[in-house]
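# Summary of the model geometry
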Amino acid sequence: MVHFTAEEKAAVVSLWAKVNVELVGGEVLGRLLVVYPWTQRFFDNFGNLSSESAIMGNPKVKAHGKKVLTSFGNAVKHMDDLKDTFAELSELHCDKMHVDPENFKLLGNMILIVLATHFSKEFTPQVQAAWQKLTAAVANALAHRYH
Amino acid sequence: MLSAQERAHVAQVWDLIAGHEAAFGAELLLRLFTVYPSTKIYFKHLGVCPDEAQLLTHGQRLLEAVGVAVQHTDHLRAALSPLADLHAQVLRVDPANFPLLIQCFHVMLASHLQGEFTVQMQAAWDKFLTEVAMVLTEKYQ
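Since the model is a prediction, treat every value here as computed from it, not as a measurement.

Moving on to the overall build of chain B. When helices and strands are tallied, chain B shows seven helices and zero strands. When its helices and strands are written in sequence order, chain B yields α-α-α-α-α-α-α. Over its C-alpha atoms chain B spans a radius of gyration of 15 Å, differing by no more than 12% from the 14 Å that the globule rule assigns to 141 residues. The dimensions of chain B, computed from C-alpha atoms along their principal axes, are 40 × 35 × 25 Å. For chain B, the residues scored as buried account for 48% of the 141 residues in total. Of all intrachain contacts in chain B linking residues separated by at least 6 positions in sequence, the fraction that spans at least 24 positions is 77%.

This paragraph deals with the UniProt feature "domain: Globin" (unreviewed entry) in chain A. Under the UniProt annotation, the feature "domain: Globin" (unreviewed entry) is placed at residues 3-147 of chain A. End C-alpha atoms of residues 3-147 of chain A are separated by 25 Å, and the span's content is 70% helix alongside 0% strand.

On to the UniProt feature "domain: Globin" (unreviewed entry) in chain B, then. As annotated by UniProt and renumbered to match this structure, "domain: Globin" (unreviewed entry) occupies residues 1-141 of chain B. A distance of 23 Å separates the end C-alpha atoms of residues 1-141 of chain B, which is 70% helix and 0% strand.

This paragraph deals with the packing of aromatic side chains. Residues and elements named next belong to chain A. Taken as a whole and judged by the stated rule, the model has eight aromatic pairs over all chains. Arranged with centres 6.1 Å apart and planes meeting at 35°, the rings of Trp16 and Trp131 form a pair that is tilted. On the criterion of sequence distance, the pair formed by Trp16 in helix α1 (residues 6-16) and Trp131 in helix α8 (residues 125-143) is long-range, its members being 115 residues apart. For the pair Trp16 and Trp131, a shared accessibility class is recorded, and that class is buried. Judged by centre distance (5.4 Å) and plane angle (50°), the rings of Tyr36 and Trp38 are tilted. Its relative accessible area of 53% is what places Trp38 among the exposed residues.

Looking now at the interface of chain A and chain B. As a measure of interface size, the accessible area lost when the parts come together is often cited. On the chain B side, the residues contacting the 21 residues of chain A number 21 residues. Note on chain A versus chain B: buried area summed over both sides is about 1,800 Å², and carbon and sulfur give 59% of it. The largest per-residue losses of area from chain A upon contact with chain B belong to A:Ile113, A:Pro125 and A:Gln128, which jointly make up 29% of the total buried on that side. The interface formed by chain A and chain B holds zero salt bridges in total. For the interface between chain A and chain B, the tally reads nine residue pairs in polar contact (both at pLDDT 80 or more).

Let us now look at the side chain of B:Thr73. Residues and elements named next belong to chain B. Assignment of secondary structure puts Thr73 in the loop between α3 (52-71) and α4 (76-79). The class for Thr73 is buried, based on a relative accessible area of 11%. Here Thr73 is in contact with Leu2, Arg7 and Phe128, once residues within four sequence places are set aside.

Once that is clear, we can look at the environment of A:Val99. All names here are of chain A. Positionally, Val99 belongs in the loop between α6 (87-95) and α7 (102-119). Val99 sits in the buried class, given a relative accessible area of 12%. Apart from the residues lying within four places of it in its own chain, the contact partners of Val99 are Phe42, His93, Phe104 and Tyr146.

A few words now on unusual backbone geometry. At A:Ser120, a residue that is not glycine, the phi angle is positive and equals roughly 50°. Within the secondary structure layout, A:Ser120 lies in the loop between α7 and α8. Judged by relative accessible area, which is 10%, A:Ser120 ranks as buried. Even without glycine at this site, B:Arg92 takes up a positive phi of about 50°. Structurally, the position occupied by B:Arg92 is in the loop between α5 (81-91) and α6 (98-113). Using a relative accessible area of 57% as the deciding quantity, one classes B:Arg92 as exposed.

So, on to the packing of helix α1 (residues 4-17) of chain B against α6(B). All names here are of chain B. Packing of α1 against α6 leaves a shortest axis separation of 12 Å and a crossing angle of 75°. One element, α1, and the other, α6, form an angle in the roughly perpendicular class. For the pair α1 and α6, contact is made by Val13, Leu16 and Ile17 and by Phe105, Leu109, His112 and Leu113, respectively. Considered class by class, the residues forming the contact of α1 with α6 number six nonpolar, one polar and no charged.

Cut-offs applied
- Residues numbered from 1 in each chain as written.
- Chains lettered and ligands numbered in written order.
- Predicted model: local features only at pLDDT ≥ 70, side-chain atom pairs only at ≥ 80, totals over all residues.
- Heavy atoms only, no water.
- Helix = DSSP H or I, 4+ residues; strand = E, 2+ residues; numbered from the N terminus.
- Rg over C-alpha atoms; globule rule 2.2 N^0.38 Å.
- Buried < 20%, exposed > 50% of the residue type's maximum accessible area, 1.4 Å probe, protein only.
- Contact = heavy atoms within 4.5 Å.
- UniProt positions renumbered as here; feature names shortened; annotations may be inferred.
- Phe/Tyr/Trp six-rings, centres within 6.5 Å; stacked < 30°, edge-to-face > 60°.
- Buried area = accessible area lost by both parts, 1.4 Å probe.
- Salt bridge = Lys/Arg side-chain N within 4 Å of Asp/Glu carboxyl O.
- Polar contact = N/O pair within 3.5 Å; in protein donor to acceptor, adjacent residues only side chain to side chain.
- Axes fitted to C-alpha atoms, helices over the stretch in contact; angles between N-to-C directions.
- Parallel < 35°, antiparallel > 145°, perpendicular 65-115°, else oblique.
- Nonpolar A, V, L, I, M, F, W, Y, C, P; charged D, E, K, R; others polar.

Dropping the structure here:
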C-alpha cells in the first residue's frame with residue numbers, strides 16, 4: 001500500500017478542489033490521443049480523430065475525458081485505499097477493454113502536464129511530486145487485477 | 001525527423017528559454033530530483049541536497065546542450081556525437097531515466113507557458129526530446 005504523507009495529501013486535495021473536471025478531463029484525453037497516437041486504438045468508435053483539432057474538439061473525447069477524470073476524483077478521496085477503490089475498474093480494463101497498463105502511466109503524465117498549464121507557478125516541484133505519486137499509484141491499482 | 005511545423009514549434013518554445021538556460025535548467029533539475037529521487041544517483045557530485053548555485057551551474061550546462069540540439073534538429077547525431085560518447089562511456093545514465101527528464105521538461109514548460117503550451121507544441125517538443133534521448137543513448141551497446 002502506498003503511503004501518502006499529510007503534506008502530499010494536502011497538496012493533492014487542495015489542488016483538486018479547484019479543478020474543472022469537465023474541462024481538464026477533455027484536455028487530458030485529447031492530448032493523450034494527439035501526443036501518443038497509438039492510444040487511439042482503444043477509441044475506434046469515437047468518430048473523427050483524424051487531426052489535432054478534430055481530436056481536441058471531438059465531443060466523445062470530451063465526454064470520456066470527463067468520465068475518466070471524475071473517476072480520478074475517487075482516487076483523491078481514497079488515497080489510502082486505492083487498490084480496493086479501483087479493483088472493479090481494474091478488472092474491467094483487463095477483461096472488457098483490454099487496455100495495456102502502460103497507458104495508465106501515459107495518462108497520468110498527461111494529467112500532470114494539463115494541471116501545470118492550469119495552475120502554473122502553483123504547480124511547484126513538491127506539488128508535482130505528490131501528484132506524480134498519486135497517478136503512479138492509481139496506475140498500479142488499475143493494473144493490479146490484470147491476469 | 002521533425003516536420004517544418006514541428007521545428008517551428010520547437011523554436012518557439014526555445015525562444016522562452018534562450019538567455020535563461022541557468023534558471024530553467026535549475027528548475028528542471030529541481031523538479032527531476034523532487035519527483036524522481038532515484039535520478040539523484042547520477043549527480044552525487046552535487047551532494048545529497050544540491051544548493052541553488054549547483055543547480056544553476058549544472059542546469060545551465062544541460063540546457064545549453066539542449067540549445068545545441070535545437071540549432072541542429074536536422075543533424076542531431078553529428079551535433080550531439082561528443083555528448084553521446086560521454087553518456088555511453090562515462091555517464092552511463094540508464095535509458096529509462098530520459099523519459100523522466102522529458103516529463104519534467106513538459107511540466108516545467110506547461111507551468112510557464114500555461115495555455116500557450118498547446119497540444120501541437122507539446123507533441124513537437126516531445127518528439128524532439130525523444131529524438132535527442134535516442135541519439136544520446138545510441139552508442140550504449
